[in-house]
Amino acid sequence: MVERGEARDVNHARRMIRDRLGMKNDPDTKHLDRTPASSLPAESKRSLRVKSSSVGRLIGTGGANIKNLQQEARKVDPHVQIDIREDRKDKEVHEVTVTGTKEATEFVVEAIKGRLKEAILAVI
């Protein structure tokens, strides 16, 4: 694997990979971090349950709305992620998960709530 970018970004990516692989607290991989964890912003995760019939308004034509929302959110946190998935149990619901700094996740959640007021079933 080739790592490029600022040390902070590379270390953030390494932590995310270890976390996804279940190696979050593995002492054998701690040496990979060169930036103290305290210098990285804390990660926050928020989810919204949205009526499936309204997801198209969130995404927009050709994904324009969601791309614009991501661009705006990345001004706050360049690593913010917005994931939209159909609920496995209830096809009438989609779950929108936002991961990033607390500021970025709050920005995205508020923007979605503003756009889809009547379609929000729950904010988790």
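In the block above lies the structure referred to throughout.
Conventions and cut-offs
- Residues numbered from 1 in each chain as written.
- Predicted model: local features only at pLDDT ≥ 70, side-chain atom pairs only at ≥ 80, totals over all residues.
- Heavy atoms only, no water.
- Helix = DSSP H or I, 4+ residues; strand = E, 2+ residues; numbered from the N terminus.
- Contact = heavy atoms within 4.5 Å.
- Buried < 20%, exposed > 50% of the residue type's maximum accessible area, 1.4 Å probe, protein only.
- Core = buried A, V, L, I, M, F, W, Y, C linked by side-chain atoms within 4.5 Å.
- 1 Å grid on protein atoms, 1.4 Å probe; cavity = no way out; pocket = protein on both sides within 12 Å on 5 of 7 lines; lining within 4 Å.
- Points joined across faces, edges and corners; volume = space filled by probe spheres on them.
- Nonpolar A, V, L, I, M, F, W, Y, C, P; charged D, E, K, R; others polar.
- Pairing = 2+ DSSP bridges.
- Salt bridge = Lys/Arg side-chain N within 4 Å of Asp/Glu carboxyl O.

1. What about the environment of Ile66?
Working step 1: Mapped onto the fold, Ile66 is located in helix 3 (residues 64-73).
Working step 2: Between the C-alpha atoms of Ile66 and Ile82, which are 16 residues apart in sequence, the distance is 8.4 Å.
Working step 3: With sequence-adjacent residues up to four places away left out, Ile66 is seen in contact with Leu58, Ile59, Ile82 and Ile84.

2. Focus on the side chain of Gln70
Working step 1: As for its position among the elements, Gln70 is in helix 3.
Working step 2: Overall, Gln70 belongs to the buried group, its relative accessible area being 19%.
Working step 3: Discounting chain neighbours no more than four positions away, the residues touching Gln70 are Val80 and Ile82.

3. Here we look at the nonpolar core
Working step 1: By size, the foremost hydrophobic cluster in this structure holds 18 residues, and its most contacted members are Val50, Val108 and Ile112.
Working step 2: Within the residue set of this core, elements represented by two or more residues are strand 1 (44-51), helix 2 (55-59), helix 3, strand 3 (93-100) and helix 4 (102-115).

4. Description of the layout of surface pockets
Working step 1: Reported here for the second largest pocket is a volume of approximately 180 Å³.
Working step 2: In terms of lining residues, the second largest pocket is bounded by Asp83, Arg85, Glu86, Asp87, Arg88, Glu95 and Thr97.
Working step 3: Those elements that provide at least two residues to the lining of the second largest pocket are strand 2 (81-86) and strand 3.
Working step 4: Per-element tally for the lining of the second largest pocket: the top contributor is strand 2, with three residues.
Working step 5: Partitioned by chemical class, the residues of the lining of the second largest pocket number no nonpolar, one polar and six charged.

5. A few points about the pairing of strand 3
Working step 1: Where burial is concerned, most of strand 3 is hidden: seven out of the eight residues are buried.
Working step 2: With eight bridges connecting them, strand 1 and strand 3 associate as antiparallel partners. Among the inter-strand pairings, Val50 is bridged to a residue of strand 3, identified as His94.
Working step 3: Where strand 2 and strand 3 come together, six bridges link them in antiparallel fashion. If you follow Asp83 over to strand 3, its bridge partner there is Thr97.
Working step 4: Hairpin geometry of strand 2 and strand 3 is characterised by an intervening segment of six residues between the two adjacent antiparallel strands.

6. Description of the pattern of salt bridges
Working step 1: Tallied over the full model, the rule gives six salt bridges.
Working step 2: Lys75 is the partner of Glu72 in a salt bridge, and the nearest nitrogen-oxygen pair spans 3.0 Å.
Working step 3: Relative accessible area serves as the criterion here: at 38%, Glu72 is assigned to the partly exposed category.
Working step 4: The salt bridge involving Lys91 is made with Glu86; its shortest N-O contact spans 3.7 Å.
Working step 5: On the basis of relative accessibility, which here comes to 48%, the residue Lys91 falls in the partly exposed class.

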